[in-house]
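A closer look at the structure
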Number of protein chains: 4
Amino acid sequence: MESTITINSGRDRLMTEFQRVRQFSESLCLPLRADDFQIQSIVQTSPPKWHIAHVSWFFEAFVLPHFNPGYRPFHPRFDYIFNSYYYTHGMMHPRPRRGLLSRPTVDEVYRYRAHVDEQMMQLMETIDEKVWSELAFRVILGLNHEEQHQELLLMDVKHNFWSNPLKPAYRDDLQTASGNTRAIRWVEQAGGVHRIGHGDVEDFAYDNETPRHDLLLSDFRLADRLVTNGEYRAFMEDGGYEDPALWLSGGWALLQREAWRHPLYWEQEEGEWLQFTLGGLSPLNPHEPVCHLSYYEADAYARWSGKRLPLEGELEVVLSQQPLSGNFVDRDQLHPAPAGEMGQWFGDLWTWSASPYAAYPGFKPLGGSMGEYNGKFMSNQMVLKGGCCATPAGHTRASYRNFFYPDERWAFTGLRLAEDA
Amino acid sequence: MESTITINSGRDRLMTEFQRVRQFSESLCLPLRADDFQIQSIVQTSPPKWHIAHVSWFFEAFVLPHFNPGYRPFHPRFDYIFNSYYYTHGMMHPRPRRGLLSRPTVDEVYRYRAHVDEQMMQLMETIDEKVWSELAFRVILGLNHEEQHQELLLMDVKHNFWSNPLKPAYRDDLQTASGNTRAIRWVEQAGGVHRIGHGDVEDFAYDNETPRHDLLLSDFRLADRLVTNGEYRAFMEDGGYEDPALWLSGGWALLQREAWRHPLYWEQEEGEWLQFTLGGLSPLNPHEPVCHLSYYEADAYARWSGKRLPLEGELEVVLSQQPLSGNFVDRDQLHPAPAGEMGQWFGDLWTWSASPYAAYPGFKPLGGSMGEYNGKFMSNQMVLKGGCCATPAGHTRASYRNFFYPDERWAFTGLRLAEDA
Amino acid sequence: MESTITINSGRDRLMTEFQRVRQFSESLCLPLRADDFQIQSIVQTSPPKWHIAHVSWFFEAFVLPHFNPGYRPFHPRFDYIFNSYYYTHGMMHPRPRRGLLSRPTVDEVYRYRAHVDEQMMQLMETIDEKVWSELAFRVILGLNHEEQHQELLLMDVKHNFWSNPLKPAYRDDLQTASGNTRAIRWVEQAGGVHRIGHGDVEDFAYDNETPRHDLLLSDFRLADRLVTNGEYRAFMEDGGYEDPALWLSGGWALLQREAWRHPLYWEQEEGEWLQFTLGGLSPLNPHEPVCHLSYYEADAYARWSGKRLPLEGELEVVLSQQPLSGNFVDRDQLHPAPAGEMGQWFGDLWTWSASPYAAYPGFKPLGGSMGEYNGKFMSNQMVLKGGCCATPAGHTRASYRNFFYPDERWAFTGLRLAEDA
Amino acid sequence: MESTITINSGRDRLMTEFQRVRQFSESLCLPLRADDFQIQSIVQTSPPKWHIAHVSWFFEAFVLPHFNPGYRPFHPRFDYIFNSYYYTHGMMHPRPRRGLLSRPTVDEVYRYRAHVDEQMMQLMETIDEKVWSELAFRVILGLNHEEQHQELLLMDVKHNFWSNPLKPAYRDDLQTASGNTRAIRWVEQAGGVHRIGHGDVEDFAYDNETPRHDLLLSDFRLADRLVTNGEYRAFMEDGGYEDPALWLSGGWALLQREAWRHPLYWEQEEGEWLQFTLGGLSPLNPHEPVCHLSYYEADAYARWSGKRLPLEGELEVVLSQQPLSGNFVDRDQLHPAPAGEMGQWFGDLWTWSASPYAAYPGFKPLGGSMGEYNGKFMSNQMVLKGGCCATPAGHTRASYRNFFYPDERWAFTGLRLAEDA
């Protein structure tokens, strides 16, 4: 991956990047049939059609009319249909009903995309230099937003397909990594005051990563790889799902109600464990990282193992010392791989931290409706770090703060252990 | 319409009828885009794709293997996916999740249809004469079953499209009938013992229409046409939706909970009433029959008007004296039309009766899984009579017993008044 | 039992009857502790405190102010708190929240009762002869209303106590009837036009029992006793709860959802069946009638046995030929007893009929808010006949129409078979 | 308040304290009628009867059998009925059904209390000195547990009574504090490393307050009093409940769904604001602290005011510099009072912090089932500090960590502002 785009990268570079990101969204949809574009299996997932329209809507809502007040939207109702949750921007179609929108059709949505692309390219080409940096900022924000949805699209397609009794594969040409996973090595880190959060003013970061600030940590150790399927199976076989002492109260109630006995996407057939992947059902590989865990499961495993989940700050401190590479979407595996000799840091799976998602000291959200983004979710969610096999390379970083509710499992989530040193 | 098909109609006639009915299902889908085939807006509706697959499954489940024990189904999982509610036949995909089946795709479902058609035609051509009448019976049952789903498909598409904020039209070439509706004329009928139910052993009828039996009625009068939009608006404007004295207890609770203030598909825009139709939103015509009423609304209107809803037997006695013609699907209006000079009997809208759907004296359901059909719904539903603008001509008759739950409104339902003579 | 009270019974007789019925309500509450008066275990049950206040409210709402316009209610908010469902009378406390009313206390409610009693006695003593019959009518209606709640109070206390893990007994001095049950004898009845419904203008009956009218029946046979626990256990052991072919669609869905495998109040302990009664848990007696069945279970049993449930009219015709006596509340068993040599007709258990609860031809509800009573429940319920072991003797009769929803089981309901002759 | 009890306080002192705490629970119940002991208005509240039994169960579960293995419980089923959420201890009656337990009666529960008291007093008197400190620890834990339930009992009674349309008062002899509230003064605190958490090994503290550890804070200012009703009304009148920009996403969804427009217990009557208190409905005093706010409302107010909610650590640092006195339950106001000249620190209302409830670095829960207490709730809740007008004096302290879900309002919760210095 070349160096990250910034507001100083220049017009050509940004326009190229715009086209690259936009085209990648469409390339992710190539394996889909028209029928697949429509599905919303649970309220958390969105139909692929909605994703690729919504990311275009972002430019129609926050970029095109901002610089061209006379801009007329492609369709008068798309602002209602494709707004996700920007209440300060306007009313929206209810989230649980996204799967009911057979119109606009996939074809129309692609025409919508083409229209937005054309308008955006023209705007970037012709905009006055005085407002260029403001435009560049919003375009970069829009592209990062689109990359988030690329990742979500893959997670959502996986859940949508899994919800079908036919268990179809999204792709049947995916390569699976092999190899054994060696024992965990523990990376030790001295405590004291560490500096975390995003500080470089030029590189893009979300508002929730700022401001850069001091954080006091104790000495700790971090596992250099994720917990594997094989290790997790030992937890299961030791009665992990039957012992209330291992579980947070909310997790235990959920487990009882939903009869959880294994991670999402696992199933047993004639004594063998299978796992649903974007390549369809396949035998469970004990060397791969265990994935699609809720926070509750990750936390219970950690308690069972006598360790704990890492704090967000612990993860960030160690991640910032590692090269920003790993099993991202460009490796085209779309599944976590066994850790290599060098350990496993970025990519593969978003790692649950033990830290609730909350504001950094001095946090200020972006102004206007664009600020109705990260700040308003700062309750009841947990921070995750590191990116996953569906994350676009270059999209994540050590300071990146992803967040999910502790009961959610459809995302590419995994588990790394920590302990006090 | 030519005379009805029977088990004595002969091979050629039945094969022609088979092709006609099967093709009509597909012609109803011509206005649909691939996207539209997927939608299930409420648990009562099914995606068009599911409908056209399920009616094919009926032949795979109850006809082909019955006469050819070695028959191998087109796909091993379709029996699970496309079984509707035949628990005695086997397990099935849960109804509320029919809209999540992006696979099989529409294309695959059409291949499934073609395969079943081919197998069925071959079977009808080659079957031994000794079992012909048994085959003919099952084929005719399957075709009647398919016609029911043709009607449902239109009702369901209407609700699916209405659920979309874009309010798309299924067709934009539909003709709307015009003309004023004259005052109701009251058809008087002497009471006494009447004979109702299906009696002719040769003509097809569902098991629930049998046996033919005596029914004691009092003298009564029946309105010769349906209640109109204009008349219903008078009820609304008189506070019909605000007066608990007019409503059954279940209706009043529902009305409060759902804030009902008008029939489904009505909406007010700048003081004008509009109505959603299969041709899209259009101004409300006061001369058309009011449609998409629940039983509770029909019953409340009747009480408000000082009349009552007719009994099932009253409707059957009068309908059996009328020609079996009317605004059925072959008129291609797909919307109820104002009553003509001769009144309005069959077609237009299924008329709510005041009679709960229950077994006739001596009722015996069909044997085997095919009998898991009409009998098991004999609780909590009300009988409707007469067919509607989406019913295939020739599918209904005076003895036909349709049934819906009293809170349902997505069907083409209407309201005819009665009174004691 | 002495002869029924009528509007011509005279002041003394009515005043005596008023006191008798009112005192009986209180005597039913003698075994209750203050704590018990408060419980509402499910939305269908009401706390005993609410019952005994509500039946007093009836006189405050429909009698006292009607004859004495200056009447000031005992408490200004009791009209809101103790109105059950008379929307045309005024707003009311929501039914599911009746168990939250710790105030008024039991003591206050008893003072309320005493106040109403005093006012009513004074009114009956002093009312002008000209309006006597109107007053008498309303008093008799109010007393019948109170008797219905006496029956409900026992059913509700039973469910409330059963909901407590301590499984307390309402009474520990109840006598249990013993004896074997002999084989069913079938009472044959010729079909033809029968006259049913309440006809005697003087005797009290509810509006829903009128008008008396002709009904056409076929020849039929009725079992002379109820189905027993032993017979029902054979159905269970034959897989009755596992075979969808035996169940109405709504029943099968309910059974799956709630994991029904036996009647309400049965439980198994170390291989033995126990049954919860108003006297606490006791071993199941196979000779007693099976009780606390839903309509769905009664219907499934009948189908399994090769018989059917009787029609309402069939029950009425046969009941009207039987003496109006049986195991009513005055026998103080509060539990159904094995059938004797003479069979089993009135009392013991309300018998499910196969007839949905609907209006008789020409039915007119009572005028005013008092008419918001029986008529508005005429959808989705089934008729039951005969009274039960909690019914006050003299309260029921052959024409009496009780009604419950087909999924309800907390009432004293049972099952009698019928067949075509 | 005299000095706190510790494990070194000696037998006499502990036995006196035991009696004092146990008697106070009963004195809180003196204003209750038997009827009131039964109510559970929402799943979060418990009936008073359950509270006073459950706190006795604690001694039966964790103290008496631990030191006397032959101890036989008062009733074999009370362990099931009065266990709250100790899954590792055993199964329990479902929380939402606590209001259905009319038995044991209030009288029996008082006998249960007397029995436990007697057994405990005897145990404390006779226990071997070698295990005294272990006993003392468990007794002190049990008494602190009981004090928590004393506070909850008052909160729950308030909600229970408010749920009654009669809006009864728990007490009608409560004194209301008067006086004006002056402008906020801002207490400034230098940042840097502060030491928080409970450190003194002898004084009682809950496990979740430990270990004492360093925390890095920035310079900040804390309001010296709570936000008042008058100030909160300005937020409401400025459209606070209508502006999505002010609300966390979860709060906005809740507000829309529940139509929140003011704090719990406020109501408007003829233009005047009233507030429900333990003394009944009374006019809203603008000088009193606003109470019964959810976290979402507190957070929205803070955002609207341009300030923020304080961090848990900020509150602890400042509270630890204040005298541990305030409007606690012993003042017998049972309602928050206007701040005095010296500001308002402990008592009155539990103050929402902006800190999610999570484990302190190195946190270890208590061993055994007693440890299934604070640790398992460490997800989705927010920390509150300072105690309230229902908290027993001496029960809280600067390091005390209370926690509630962000949507909960029935507790005595309030709001203190903070800002960066």
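Residues numbered from 1 in each chain as written. Chains lettered and ligands numbered in written order. Predicted model: local features only at pLDDT ≥ 70, side-chain atom pairs only at ≥ 80, totals over all residues.

Per an unreviewed UniProt entry, chain A is named Iron(II)-dependent oxidoreductase EgtB, and its organism is Candidatus Thiodiazotropha endolucinida. Taken from UniProt, the Pathway (unreviewed entry) comment for chain A reads in full: "Amino-acid biosynthesis; ergothioneine biosynthesis." (UniProt positions renumbered as here; feature names shortened; annotations may be inferred.)

Topic: the sheet that holds strand 10 (residues 350–356) of chain C
All names here are of chain C. Ordered by their spatial adjacency, four strands build an open sheet running 12-11-10-13, and the pairing between neighbours is mixed. Two strands close off the open sheet at either side, each with one partner strand: strand 12 (402–404) and strand 13 (413–414). As paired elements, strand 10 and strand 11 (residues 382–385) share three bridges and run antiparallel to each other. The partner of W352 across the bridge, within strand 11, is L384. Strand contacts of helix 10 (residues 312–319): strand 10 and strand 11, with the helix running at about 15° to strand 11, the strand carrying the most contacts. (Pairing = 2+ DSSP bridges. Helix = DSSP H or I, 4+ residues; strand = E, 2+ residues; numbered from the N terminus. Contact = placed C-beta atoms within 7 Å. Axes fitted to C-alpha atoms, helices over the stretch in contact; angles between N-to-C directions.)

Some details on the UniProt feature "domain: DinB-like" (unreviewed entry) in chain A
The UniProt record annotates "domain: DinB-like" (unreviewed entry) at residues 18–151 of chain A. Taken end to end, residues 18–151 of chain A comprises 57% helix and 0% strand; its first and last C-alpha atoms sit 17 Å apart.

Quick word on helix 9 (residues 295–305) of chain B
All names here are of chain B. When you tally the buried positions in helix 9, you get nine out of 11 residues, the bulk of the element. Three or more residues of helix 9 are buried, namely Y295, Y296, E297, A298, D299, A300, Y301, A302 and R303. At its buried positions, helix 9 is contacted by helix 7 (229–237), helix 8 (249–258), strand 10 (350–356) and strand 11 (382–385). (Buried ≥ 20, exposed ≤ 12 C-beta atoms within 10 Å, placed from the backbone.)

Here we look at the relation of the copies chain A and chain B
Note on the identical chains: chain A maps onto chain B by a rotation of 180° and an axial translation of 0.0 Å, with an RMSD of 0.0 Å. Between the two chains, the operation in question is that of a two-fold axis. Same-surface contact between copies: 100% of interface residues of chain A are shared with the interface of chain B. (Least-squares fit on C-alpha atoms with pLDDT ≥ 70 in both.)

Comments concerning the pairing of strand 7 (residues 280–283) of chain B
Residue and element names in this part refer to chain B. Bridge count for strand 6 (residues 272–277) against strand 7 is four bridges, and the pairing is antiparallel. Looking across to strand 7, one finds that L274 is bridged to P283. The turn linking strand 6 back onto strand 7 is made up of two residues.

Quick look at the environment of R22 of chain C
Residues and elements named next belong to chain C. Turning to its location among the elements, R22 is positioned in helix 1 (residues 11–28). Overall, R22 belongs to the buried group, with 22 C-beta atoms counted inside 10 Å. Counting along the chain gives 30 residues from R22 to I52, while the straight-line C-alpha distance between them is 9.2 Å.

Some remarks on the nonpolar core
Core analysis: the largest hydrophobic core is formed by 133 residues, its most contacted members being F412 of chain B together with F412 of chain C. Each residue touching F412 of chain C, except ones within four places of it in the same chain, is listed here: M155, C291, L349, W350, C388, C389 and A390 of chain C. Residues W252 and L334 of chain A together with L255 and Y357 of chain D belong to the second largest nonpolar core, which totals 132 residues. (Core = buried A, V, L, I, M, F, W, Y, C linked by C-beta atoms within 7 Å.)

Section: the sheet that holds strand 10 (residues 350–356) of chain D
All names here are of chain D. Ordered by their spatial adjacency, four strands build an open sheet running 12-11-10-13, and the pairing between neighbours is mixed. Of all strands in the sheet, those with a lone pairing partner are strand 12 (402–404) and strand 13 (413–414), marking the two edges. Contacts between helix 10 (residues 312–319) and the sheet are confined to strand 10 and strand 11 (382–385), with strand 11 contributing the most and set at about 15° to the helix.

Points about the interface of chain D and chain A
Across the contact, 27 residues belong to chain D and 27 residues belong to chain A. Taken together, the residues of the side of chain D that touches chain A break down into 16 nonpolar, seven polar and four charged. (Nonpolar A, V, L, I, M, F, W, Y, C, P; charged D, E, K, R; others polar.)

A short note on the relation of the copies chain D and chain A
Two chain copies, one operation linking them: a rotation about an axis together with a shift along it. Mapping chain D onto chain A leaves a residual RMSD of 0.0 Å; the transformation is a rotation of 180° accompanied by 0.0 Å of translation along its axis. Interface residue correspondence from chain D to chain A reaches 100%, placing this contact among same-surface, isologous pairings.

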